[in-house]
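# Observations on the three-dimensional arrangement
One-letter residues, chain by chain:
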Amino acid sequence: MKDRPASLLAGNDLAMPETRRDKQTLLAAIESGEVPMPVVDRACLRMLELLDKVQRHRRPNAQADFPAHHALSQQLAAESIVLLKNDDGLLPLRPEKTPRIAVLGKPAQEPVIQGSGCATTVPYLLDRPLDEIFDLAGDDFSVRWAIGAPDDLRDDEAALAQAKAVAQEADVAVIFVSTAVGEDGENGDRQDLNILAVHERLIREVASVQPNVVVVLANSDAVVMPWLGGCKALLETFFAGQGMGRAVAEILFGLRNPSGKLTVTVPNTLEETRPGYNIRGKTCVTIMVRDCLSAIVTTINAA
C-alpha cells in the first residue's frame, strides 16, 4: 500500500502490516480535511462490526486435528506435483534397477515449501524429503545424502566434490533445487528466471558423473531450464506446502501418480520470452502466446 489516505478513501479500512509512516500520513490527511470525518467514522464502524462478529463467532472448545490436516496437505501436494520429464522410464525408482540412491541438495533437508512475506506460515508438522525417502526406501534401497551446495550464494568446492563422489557410486541421483528463497515475496521482484546458480552447477557437475539424474524443483513460478539436458527426470513441485516431502517420496517410489497440471508456461529458454514492461527500473518478462504454445508442446513431448 503506497498511499494510506487514498486507500482509505477507496474503502480499504484495514492496512497490514501497520507502519508509522502510514499512521502519520493518515492522521495528517484527516487533520487537513483531505479525508473527511464521515469517511473515518464509516471505516471505524465497519472495523468495530468486524471485531464484534469475530468475538460472537468464537468457538472456545474447538480443537484442530493437526494429524488429519497434515494428511490432507500430503494429499494436496501429491495431486499438484507435475512430472515434466521421465526419459527411459527412470521413475518410479525400482530396487532391481536403481538400488543405490544418492539424495543431494540442501532443500532435501530444508524443504522450500512457500514464498515469503506476510503469507509465510510455520507449519505444525513439516515433512523433510530426505526423511521420507529413507522411510519409504526401507531395506530395498541403499540411500546416501550429500548437501552439495550448503550456501545459496557461493559455491562450496568441498561439498560439491562430496556430492559428485556420492552420486558416482550410486545408480541414480535425486537432486533437490530451488529458486532464490525470499526473492518472490511482496514488494520484491525475481531478478531473473533462473534457479539458484549453485543449484544449477550442482546439476551439471553431478550429471557429468551420473547419467541417471532426477531433479526435484521448488519454485514460485516459471523458470528457464538450460540444465534440462542434464537430467532424465524432472518433478515440478512449485510451493507445495508442508506435506511436500512425503508426496515427493511417494512419487519417486511409485506409490503416487504425479498427475498434476501446469498452471504456467515453462519456457525452454529465455529466448522464448519477450522483453515486457518496466516497473521501478526493472524489466519484466512477458511470454508471448506463440512462444507459449511452442513451450507447451515441447513440455508435453518431454513428459
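Look up: the structure comes first, before these words.
Residues numbered from 1 in each chain as written. Predicted model: local features only at pLDDT ≥ 70, side-chain atom pairs only at ≥ 80, totals over all residues. Heavy atoms only, no water.

### Some details on the packing of aromatic side chains
We apply this condition: Each Phe, Tyr or Trp ring, with Trp reduced to its six-membered ring, pairs with another whose centre is within 6.5 Å; inter-plane angles below 30 degrees give stacked pairs, above 60 give edge-to-face pairs, and intermediate values give tilted ones. Only DSSP runs of H or I reaching four residues or more are called helices, and only runs of E reaching two or more are called strands; each is numbered from the N terminus. For the exposure calls, accessible area comes from a 1.4 Å probe over protein chains only, and a residue counts as buried if that area is under 20% of its type's maximum, exposed if over 50%, partly exposed in between.
Considering all chains together, one arrives at two aromatic pairs under this definition. The interplanar angle of 15° and the centroid separation of 4.0 Å between the aromatic rings of F66 and Y124 together place this pair among those described as stacked. Of the two residues, F66 sits in helix α4 (residues 66-80) while Y124 sits in the loop between β2 (100-104) and α5 (129-137), which places them 58 residues apart along the sequence. We classify F66 as partly exposed; its relative accessible area is 35%. Judged by its relative accessible area of 57%, Y124 falls in the exposed class. On the numbers, 5.0 Å between centres and 55° between planes, the contact of F141 with F253 is tilted. Here F253 lies in the loop between α8 (244-252) and β7 (274-279) and F141 lies in the loop between α5 and β3 (142-146), a separation of 112 residues in the sequence.

### Examining the pairing of β3
What counts is decided by this rule: The rule for pairing is simple: two strands pair if DSSP sees at least two bridges between them.
Sheet analysis places β2 next to β3, joined by five bridges and oriented parallel. Opposite R100, over in β3, you have S142 as the bridge partner.

### Comments concerning α5
Convention followed: Each direction from the helix axis to a C-beta atom contributes to the arc, which is the arc of those directions. In what follows, a contact means two residues having at least one pair of non-hydrogen atoms within 4.5 Å.
P129, L130, E132, I133 and A137 are the residues of α5 that are buried. Take α5 and look down its axis: the buried residues cluster within an arc of 165°, on one side only. Looking at the packing, one finds that the buried side of α5 touches β2, β3, β4 (172-178) and α8. Positioned one or two residues after α5, G138 has a phi angle of 55°, which is positive.

### Regarding the pattern of salt bridges
The condition is simple: For this analysis, a salt bridge means a side-chain nitrogen from Lys or Arg found within 4 Å of a carboxyl oxygen belonging to Asp or Glu.
Under the definition given, this model contains 21 salt bridges. A salt bridge links E18 to K23; its shortest N-O distance comes to 3.1 Å. In terms of burial, E18 and K23 fall into one category: exposed. The shortest N-O distance in the salt bridge between K232 and D88 comes to 2.9 Å.

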